[in-house]
Amino acid sequence: MSEQVLLEAEKRETEGKSSNRALRRSGSVPGIIYGGKAEPQRIAVLEKDISKAAEVSGFSTQILKISISGKKEDVVVKELQRHPSTEKLLHADFMRVNPDSSITLSVPIRFINEDTCVGVKQQGGVVSHLINDIEISCLASNLPEYIEIDLAELELGSTLFLSALKIPEGVEIIVLTKGDDKDQAVVSITEAKII
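Chains are numbered independently. Their residues run from 1 in the order of the written sequence. pLDDT decides what is reported in this predicted model: residues at 70 or higher carry local features, side-chain atom pairs at 80 or more are listed and counted, and totals for whole chains, interfaces and linings draw on all residues regardless. Note: side-chain values were computed over all heavy atoms of the structure, leaving out hydrogens and water.

Caption draft 1: The arrangement of unusual backbone geometry in detail. The backbone of Ser69 shows a phi angle near 50 degrees, a positive value even though the residue is not glycine. The helix count covers DSSP runs of H or I at least four residues long, the strand count covers runs of E at least two residues long, and both are numbered beginning at the N terminus. Tracing the sequence through the fold places Ser69 in the loop between β4 (64–68) and β5 (71–82). Under the scheme applied here, a residue whose accessible area is under 20% of the maximum for its type counts as buried, over 50% as exposed, and between as partly exposed, the area being computed with a 1.4 Å probe on protein chains only. Given a relative accessible area of 69%, Ser69 falls into the exposed group. Unusually for a residue other than glycine, Asn113 sits at a positive phi of about 60 degrees.

Below you can see the structure in the form of structure tokens.
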């Protein structure tokens with residue numbers, strides 16, 4: 001797991017479009033922290049700080065610390081809203097978490113050994129990614145940054161399903177809790193199409 005990210009934030013007393021625009025012009029991003037037993041709190045974070053933090057591997061799937069007037073809170077990113085054409089950060093939503101409470105979040109899948117996979121290297125197939133992230137439930141303190149899938153032994157024509165994944169202890173794949181018929185294919189090795 002990578003080092004925990006700490007963001008400095010300020011309380012935001014005003015709300016509305018005009019005050020949010022003024023915040024953005026001054027180099028900050030409006031945001032909100034909600035969840036837990038406390039009331040939702042409007043905050044402002046410097047855009048350069050949150051943009052730099054967002055570059056850290058696993059930023060959206062790890063517990064972050066936000067410091068507001070010296071008081072630190074554990075949070076996870078629920079949503080980062082960006083401008084559709086400029087990708088400039090417009091708003092950030094954070095959810096409070098307690099390390100001992102259960103959390104549900106989507107985490108990315110990291111595929112390894114794609115190039116050396118038996119079905120690719122020896123049998124001429126190609127890797128088809130069918131799912132890129134998985135919704136999981138676990139204690140906040142056990143939250144993995146990603147689920148890693150080793151493709152080294154997959155042969156041509158084989159498909160790997162959610163139920164066959166090796167996931168960390170204490171982590172549950174949400175869709176599999178809804179019944180065996182909800183199992184989904186994650187990755188397959190198929191024949192390369194010749195054009």
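Back to the text.
Caption draft 2: The packing of aromatic side chains, seen in detail. Any two rings among Phe, Tyr and Trp, with Trp reduced to its six-membered ring, count as a pair given centres within 6.5 Å; such a pair is stacked if its planes are under 30 degrees apart, edge-to-face if over 60, and tilted if neither. Counting across every chain of the model gives 0 aromatic pairs. Note that Arg110 overlies the ring of Tyr146, its terminal NZ or CZ placed 3.7 Å from the centroid. Counted as over-ring charges are cases with an Arg CZ or a Lys NZ within 6 Å of the ring centre that also lie within 35 degrees of the ring normal.

Caption draft 3: Fine view of the sheet that holds β5. Pairing between two strands is assigned when DSSP locates at least 2 bridges connecting them. Read around the closed barrel, the 6 strands follow the order β1-β3-β2-β6-β5-β4; overall the barrel is mixed. Here the strands of the sheet are splayed against their neighbours by 45 degrees on average, with no regard to which way each runs. Two strands pair when backbone bridges link them, and strand β1 (residues 6–11) and β4 are joined in this way by 4 bridges, in the parallel orientation. By the bridge assignment for β4, Ala9 is matched with Ile68. Should any heavy atoms of two residues lie within 4.5 Å, those residues are considered in contact. Geometry is summarised by axes, namely lines fitted to C-alpha atoms with helices restricted to the contacting stretch, and by angles between N-to-C directions that run from 0 to 180 degrees. Contacting β2 (28–34), β3 (41–46) and β6 (89–96), helix α1 (residues 17–25) crosses the sheet at an angle of about 125 degrees to β2. Contacting β1, β2, β3, β5 and β6, helix α2 (residues 47–54) crosses the sheet at an angle of about 85 degrees to β3.

Caption draft 4: Inspection of the nonpolar core at higher detail. Note on terminology: a nonpolar core comprises buried Ala, Val, Leu, Ile, Met, Phe, Trp, Tyr and Cys residues joined through side-chain atoms within 4.5 Å. Among the nonpolar cores identified, the biggest contains 27 residues, and Ile134, Ile149, Leu165 and Val186 are the most heavily contacted of them. Among the secondary structure elements, those contributing two or more residues to this core are β7 (102–112), β9 (133–139), β10 (147–150) and β13 (185–191). Per-element accounting of this core gives the leading share, 5 residues, to β7. By size, the runner-up hydrophobic cluster in this structure holds 18 residues, among which are Val5, Ala9, Ile43 and Ala92.

Caption draft 5: Region of interest: the sheet that holds β9. Strand order in the open sheet made by the 4 strands is β10-β7-β9-β12, with mixed pairing throughout. For this open sheet the edge positions go to β10 and β12 (172–173), each flanked by a neighbour on one side alone. Two elements, β7 and β9, share 7 bridges in a ladder whose sense is antiparallel. Across the sheet, Thr104 pairs through a bridge with Ser137, a residue of β9.

Caption draft 6: Spatial organisation of the pairing of β5. Two strands pair when backbone bridges link them, and β4 and β5 are joined in this way by 5 bridges, in the antiparallel orientation. By the bridge assignment for β5, Ile68 is matched with Lys71. In this structure, the hairpin formed by β4 and β5 is closed by a connection of 2 residues, where Ser69 is found at a positive phi of approximately 50 degrees. For β5 and β6, the ladder comprises 7 bridges, and the chain directions are antiparallel. In the sheet register, Arg82 faces β6, and the bridge partner there is Leu89. The hairpin turn running from β5 into β6, its antiparallel successor, is 6 residues long, and Glu87 in that turn takes a positive phi close to 65 degrees.

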